[in-house]
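Architecture at a glance
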Amino acid sequence: AHLQNKFPSACQQSEDGRFGSKFVTVVVSGNEKNELDYVAYQVSQQGMDLEAAEGILEYTTAPEKIRVALSTPERYVPAIFYQNVSEFGNSVTHSAGEGSPYFPVDYLIVSVNGPTFPQQADPVLRMGFPVENRILQPQNEAALRSLLQSPDNKAFRPTGQLKVVSDFHFLVYLACRHSTWFPLDDPACPHGLPTLCRAVATRDAAAASAFLQTPTWLSFATAVAGVDPDGGGDVAMGGMGGGASSRPEFGTMAAAAASRPSTSSGGSSAAGASTSMFREEVQQLVNMGFDQSRAVEMLEITHGNVELAIEMLSQ
């Protein structure tokens with residue numbers, strides 16, 4: 001109440017030009033799920049007026065109650081009335097005065113939780129990429145490569161790709177270190193960072209996936225693929241080294257297609273090797289009614305992930 005009175009809100013309709021306050025008290029604590037809980041509240045206008053009128057309210061050791069000061073020969077303190085519902089459902093009026101100078105503090109508290117602090121958080125941005133200016137986990141091309149190798153970053157999973165790029169520190173890293181690849185000053189540029197940020201802000205999975213298929217991103221992914229993942233600092237992004245067949249997909253359709261086995265002269269032996277590698281997974285998909293050759297192909301793309309293979313085969 002004291003801080004709300006100290007920081008009042010401007011109000012043209014009020015005689016003194018001030019009314020209420022935007023000051024909010026937020027209590028942050030943990031819950032049984034090991035998550036953070038936020039409880040926000042304000043003191044009501046009546047509570048602010050009582051605090052401003054010094055000498056009416058007194059401190060007490062009971063946090064759930066407020067004590068009303070008793071009248072003295074020098075100062076008269078009026079009784080404060082409040083109502084509650086009795087056990088019989090009747091409205092009962094009580095007086096906080098001479099006989100019982102306490103009343104519940106809840107009568108002066110206004111909850112402002114509302115939609116401000118959702119019960120089930122669904123943030124737009126996540127944080128998995130290394131934070132800026134950290135010595136033990138630096139932001140470098142190796143960390144970028146690790147992020148882009150996420151199982152969610154697949155060209156056939158736009159929602160997963162949106163999840164990968166919706167990383168605050170990843171976007172900051174692109175803006176600070178790779179603005180030559182992804183310009184910042186052209187909102188209409190299809191490979192500009194504003195385009196990617198717009199897709200993230202609007203949760204547009206199709207737009208985010210389209211950004212990852214632009215020629216600029218494909219070139220960028222090719223350069224990143226040539227970085228030594230064990231390197232401690234930034235490595236000059238060069239060629240792919242082992243050729244197209246060893247190139248990580250990084251969510252691009254071109255690399256995903258290049259990583260598939262050839263169906264020409266050596267195709268049968270490659271398919272046989274894949275069938276042998278994923279024998280149990282292939283049999284599981286065949287038992288579910290899927291074509292064996294298609295099952296092998298999807299398992300190769302998903303690196304043996306049966307759930308993703310089922311998702312692709314069902315489309």
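Residues numbered from 1 in each chain as written. Predicted model: local features only at pLDDT ≥ 70, side-chain atom pairs only at ≥ 80, totals over all residues. Heavy atoms only, no water.

1. Focus: the confidence of the model for the protein chain
- Per-chain confidence: the protein chain averages 75 in pLDDT, with 79% of residues scoring 70 or above.
- Within the protein chain, the element-level pLDDT minimum falls on helix α9 (residues 253-258), averaging 48, and the maximum on helix α6 (residues 193-201), averaging 92.
- Below a pLDDT of 50 lies the segment residues 227-248, which in the model reaches 42 contacts outside its immediate sequence neighbourhood of four places, other chains included. (pLDDT = per-residue confidence, 0-100. Helix = DSSP H or I, 4+ residues; strand = E, 2+ residues; numbered from the N terminus. Contact = heavy atoms within 4.5 Å.)

2. As for the sheet that holds strand β10 (residues 109-111)
- An order of β3-β4-β10 is seen for the 3 strands of this open sheet, with the pairing classed as antiparallel. A single partner strand is all that each edge strand has here, and the edge strands are β3 (25-30) and β10. With strand direction ignored, the average angle separating the axes of adjacent strands in the sheet is 35°.
- As defined by bridge partners, β3 adjoins strand β4 (residues 36-43) across 6 bridges and the pair is classed as antiparallel. Its bridge partner being in β4, V26 is matched across the sheet by A40. (Pairing = 2+ DSSP bridges. Axes fitted to C-alpha atoms, helices over the stretch in contact; angles between N-to-C directions.)

3. Things to note about the pairing of β4
- As consecutive antiparallel partners, β3 and β4 are separated by 5 residues, and within that stretch N34 has a phi angle of approximately 60°, a positive value.
- In the sheet, β4 pairs with β10 via 3 bridges, with the strands oriented antiparallel. Opposite Q42, over in β10, you have V110 as the bridge partner.

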